[in-house]
Every structure is written in C-alpha cells, then in structure tokens.
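Residues per chain are reported as follows:
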Amino acid sequence: MPSSSPSTTAATNPTVRPGLDSSGPATTSPHAYDAGLLLLRLVLGLTMAAHGSQKLFGWFGGGGIDGTGQFFTMSGYPAGNAMAVVAGLTETLGGLALAVGLLTPLAGAAIVGTMVNAIAVTWGGGFFAPKGSEYELLLTAGAAALALTGPGRYAVDRFLPVVRSHRLAYGASAVVVGLLTAGVILLLRK
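Residues numbered from 1 in each chain as written. Predicted model: local features only at pLDDT ≥ 70, side-chain atom pairs only at ≥ 80, totals over all residues. Heavy atoms only, no water.

Student: Explain the pattern of salt bridges to me, using residue names and the numbers behind them.
Tutor: Applying the stated criterion across every chain, the model contains two salt bridges. With a shortest N-O distance of 3.0 Å, Lys-55 and Glu-91 are connected by a salt bridge. With Lys-55 in helix H2 (residues 30-57) and Glu-91 in helix H4 (residues 80-100), this residue pair connects regions lying 36 residues apart in the sequence. Owing to a relative accessible area of 5%, Glu-91 belongs among the buried residues under this scheme. (Salt bridge = Lys/Arg side-chain N within 4 Å of Asp/Glu carboxyl O. Helix = DSSP H or I, 4+ residues; strand = E, 2+ residues; numbered from the N terminus. Buried < 20%, exposed > 50% of the residue type's maximum accessible area, 1.4 Å probe, protein only.)

Student: I'd like a description of unusual backbone geometry, backed by residues and values.
Tutor: Of note, the bond from Ala-129 into Pro-130 is cis; its omega dihedral lies within 30 degrees of zero at 15°. Positive phi outside glycine occurs at Phe-60, with the angle close to 55°. Residue placement: Phe-60 occurs in the loop between H2 and helix H3 (64-74). For Phe-60, a relative accessible area of 61% gives the class exposed.

Student: Let's hear about the packing of H2 against H4: which residues, and what values?
Tutor: Where H2 meets H4, the axes come as close as 7 Å, and the angle between the chain directions of the two elements is 155°. Taken together, H2 and H4 sit at an angle that is classed as roughly antiparallel. The two elements H2 and H4 meet at a crossing, and its hand is left-handed. Where H2 abuts H4, its residues Arg-41, Leu-42, Leu-44, Gly-45, Leu-46, Met-48, Ala-49, His-51, Gly-52, Ser-53, Lys-55 and Leu-56 lie against Ala-84, Val-85, Ala-87, Gly-88, Leu-89, Glu-91, Thr-92, Gly-95, Leu-96, Leu-98, Ala-99 and Val-100. Here the residues of the contact of H2 with H4 sort into 14 nonpolar, seven polar and three charged. (Axes fitted to C-alpha atoms, helices over the stretch in contact; angles between N-to-C directions. Parallel < 35°, antiparallel > 145°, perpendicular 65-115°, else oblique. Left-handed = near helix turned anticlockwise from the far one by under 90°. Contact = heavy atoms within 4.5 Å. Nonpolar A, V, L, I, M, F, W, Y, C, P; charged D, E, K, R; others polar.)

Student: Explain the nonpolar core to me, and be specific about the residues and the numbers.
Tutor: Formed by 15 residues in total, the largest nonpolar core has its most connected members in Leu-44, Met-48, Leu-98, Ile-111, Met-115, Leu-139 and Ala-143. For this core, the secondary-structure elements that each account for two or more residues are H2, H4, helix H5 (104-122) and helix H6 (134-149). No other element matches the five residues that H6 contributes to this core. Listed in part, the five residues of the second largest apolar core include Phe-72, Tyr-77, Ala-84 and Ala-87. (Core = buried A, V, L, I, M, F, W, Y, C linked by side-chain atoms within 4.5 Å.)

Student: Before we move on, could you go through the side chain of Ser-133 and cite the residues and values that matter?
Tutor: Tracing the sequence through the fold places Ser-133 in the loop between H5 and H6. A relative accessible area of 3% places Ser-133 in the buried class. Leave out the neighbours within four places in its chain, and Ser-133 touches Ile-119, Thr-122, Trp-123, Gly-126 and Phe-127.

Student: An account of the packing of H2 against H6 is requested, with residue identities and associated values reported.
Tutor: At a minimum axis distance of 11 Å, the contact between H2 and H6 shows a crossing angle of 130°. Our classification of the angle between H2 and H6 gives oblique. You can see that H2 and H6 cross each other, and the crossing is left-handed. Across the interface between the two elements, Tyr-33, Leu-37, Leu-40, Arg-41, Leu-44, Thr-47, Met-48 and His-51 of H2 pack against Tyr-135, Leu-139, Gly-142, Ala-143, Leu-146 and Thr-149 of H6. Its residues assigned to classes, the contact of H2 with H6 shows nine nonpolar, four polar and one charged.

Student: How would you sum up the layout of surface pockets? Please name residues and give values.
Tutor: When its volume is computed, the largest pocket comes out at roughly 730 Å³. Forming the boundary of the largest pocket are 33 residues, of which Lys-55, Phe-72, Ala-87, Glu-91 and Thr-114 lie nearest the centre. Among the secondary structure elements, those contributing two or more residues to the lining of the largest pocket are H2, H3, H4, H5, H6 and helix H7 (168-188). Looking at side-chain class alone, the lining of the largest pocket contains 18 nonpolar, twelve polar and three charged residues. (1 Å grid on protein atoms, 1.4 Å probe; cavity = no way out; pocket = protein on both sides within 12 Å on 5 of 7 lines; lining within 4 Å. Points joined across faces, edges and corners; volume = space filled by probe spheres on them.)

Student: Help me get a handle on the environment of Gly-67, residues and values and all.
Tutor: Mapped onto the fold, Gly-67 is located in helix H3. Its relative accessible area of 31% is what places Gly-67 among the partly exposed residues. A sequence separation of 14 residues divides Gly-67 from Asn-81, and the C-alpha atoms of the two residues are 8.5 Å apart.

Functional significance is not addressed by these values, which are geometric in nature.
Take a look at the structure:
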C-alpha cells in the first residue's frame, strides 16, 4: 500500500496536522489538540487582560494608572504613567486577542515583551513566589508557545485569510519582535 507524504496527507485531509503520522493508530485527535490550545489561550489571555485592567482601570485591586505609574517609576522606568498605560494596553489588548485567537503570533509577542520586563523587575527575588519570577516566566513561555504553534482551529484567525494557515516563521518572527521591543524598553530602565 503506497503511503502519502505528510504534506500530501495534510493538504487533502484538513484534520491531519503536519508532522503527525496518520498511517498508525491515532494517539491524539486534532480536536483534542485544538481544545487544548483553546484552553491555554483562554486562561493565559484572560489572565493577562485582567492584569492589564488592573493597570488601566484599577480593577481587581489594581493601582490604576497613577498607582502603577508610581511602581514603574520606583522600578527604574522613565515616565511611569506612560509606561503604565503602555503596559496596561499591551496586557489588556494582547490578552483579549490571545483569548479569542486574533492575530495570535502578534498577541503572543505582545505578552512576551511585557512579561520579559516583568521578569527583569522580579529577577532579584529568586525563582519562587512571593518575590520570585516563576509566574512571569510561565506566562512568557505560554505566550511564546502560542505564538509559535498558532491558535488552533477554534480561533478568529481561522476566518482571516492572511493568518488562516499558521506558519512557524510568523510565530518565530513575532516572538523576536516581542523580545527586541522588550530589550529596547529595558535599555530605558535605570
């Protein structure tokens, strides 16, 4: 029996993921893969959106722009209130976009860039909470993973022609942009 290449199989059967062998017994259904990505996107995206709303609006016990701006100033960033707005918007909009799967590589990159700065602020406190950086590292890795893998089929991106078929290059490029942006912001920090 002739076997087809993964690219041919994936092209003729949209439920087969490239790189998964469809000739043997299935170990994971494509729907399980997509449901897992949806769960990760929802939890990570809504968590980040909630953090952003703390900064922007003072919701969920947050400091609002003024309180967060003071924190940014104490942490060595110039123009604390402006940085609070930028971080709040990035977390809120990036988190919401990640949750619904809209422009997923860019949404993931926005979270990566913000969280790299959060890691820099918490770095001296060790790895574990309450002063450590493991929480920030986990959010960063999750956002980067979503940028690299794509949102799965249960996402708004599936309806956008340009990003319908996710490419690793899109995700990798977006993560690099997020890291470069984070680096520029860190250079401004005292």
